[in-house]
Amino acid sequence: LHVLDAAGAGFRRAALSAMGILAPFTPRLVGPVLHGTAAANSSVSLHVFADHAELVGERLQQHNIIYRSCETRLKSRRDRIASFAGYRFMQEDAEIEATVFPVDGLRQAPISSIDGKPMKRADARVVEELLK
């Protein structure tokens, strides 16, 4: 992983904060913020896991977080693209995009559009270590 500048570290701190709020949904950080390649306008991408996507929205409402629903299309297997519900919201001046997967989706990461391999995911403990 690359060393992040101060803005990148801020993205990771925002990710940790959002991961804390979404802890019941086993959040995982993915994408440029995890890999250390985030640009100033990048959003923080989280994968969360729930039986029903609405449960994630309810959790955000309980924390008085204003969000908007979104949909993300990801390659779930090399030959299949699937749509997943998600939520976009601001946390510590960073846009968070939380994509909701079925609970059993934790074991099967979607395929990266960059390298064709399963996406790397990091839990809060790993993100904390990256900030040290």
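Scroll up a little and you will see the structure.
Attention in this report is confined to the structure presented alongside it. These figures come from a predicted structure and were not determined experimentally. (Residues numbered from 1 in each chain as written. Predicted model: local features only at pLDDT ≥ 70, side-chain atom pairs only at ≥ 80, totals over all residues. Heavy atoms only, no water.)

**With respect to the sheet that holds strand β5 (residues 94-101)**
Phase 1 of the analysis: The sheet built from 5 strands is open, its strands ordered β1-β2-β5-β4-β3 with mixed pairing. The open sheet is flanked by β1 (28-30) and β3 (67-77), the only strands paired with a single partner. Across the sheet, the mean angle from the axis of one strand to that of its neighbour is 35°, orientation sign disregarded.
Phase 2 of the analysis: Bridge count for strand β2 (residues 44-49) against β5 is 6 bridges, and the pairing is parallel. Bridged to Val48 within β5 is Val100.
Phase 3 of the analysis: Along the sheet, helix α3 (residues 53-62) contacts β2, β3, β4 (80-91) and β5; its crossing angle with β4, the most-contacted strand, is approximately 5°. (Pairing = 2+ DSSP bridges. Helix = DSSP H or I, 4+ residues; strand = E, 2+ residues; numbered from the N terminus. Axes fitted to C-alpha atoms, helices over the stretch in contact; angles between N-to-C directions. Contact = heavy atoms within 4.5 Å.)

**Quick notes on the packing of aromatic side chains**
Phase 1 of the analysis: This structure, assessed with the given rule, holds 3 aromatic pairs.
Phase 2 of the analysis: For the ring pair Tyr67 and Tyr87, a centre distance of 5.0 Å and an interplane angle of 85° mean the geometry is edge-to-face. With a gap of 20 residues between them, Tyr67 in strand β3 and Tyr87 in strand β4 connect regions that are remote in the sequence.
Phase 3 of the analysis: Tyr87 gets classed as buried once you look at its relative accessible area, which sits at 7%. (Phe/Tyr/Trp six-rings, centres within 6.5 Å; stacked < 30°, edge-to-face > 60°. Buried < 20%, exposed > 50% of the residue type's maximum accessible area, 1.4 Å probe, protein only.)

**Describing the layout of surface pockets**
Here the idea is plain: a probe the size of a water molecule rolls over the atoms and shows the empty space left.
Phase 1 of the analysis: The volume enclosed by the largest pocket comes to roughly 560 Å³.
Phase 2 of the analysis: Lining the largest pocket are 22 residues, and of these Gly31, Ser112, Ser113, Ile114 and Met119 sit closest to its centre.
Phase 3 of the analysis: Looking at the lining of the largest pocket, the elements that each hand over two or more residues are α2 (32-35), β2, β3 and β5.
Phase 4 of the analysis: Examining the composition of the lining of the largest pocket, we find that 4 residues originate from one element, β3, more than from any other.
Phase 5 of the analysis: For the lining of the largest pocket, the residue count by class is 8 nonpolar, 9 polar and 5 charged.
Phase 6 of the analysis: By volume, the second largest pocket is sized at about 230 Å³.
Phase 7 of the analysis: Considering the residues around the second largest pocket, the lining is formed by Ser76, Arg77, Arg80, Ala82, Phe84, Phe101, Pro102, Asp104, Gly105, Gln108, Ala109 and Pro110.
Phase 8 of the analysis: Here the lining of the second largest pocket takes 3 residues from β4, the largest share from any one element.
Phase 9 of the analysis: Residues of the lining of the second largest pocket, tallied by class, amount to 6 nonpolar, 3 polar and 3 charged. (1 Å grid on protein atoms, 1.4 Å probe; cavity = no way out; pocket = protein on both sides within 12 Å on 5 of 7 lines; lining within 4 Å. Points joined across faces, edges and corners; volume = space filled by probe spheres on them. Nonpolar A, V, L, I, M, F, W, Y, C, P; charged D, E, K, R; others polar.)

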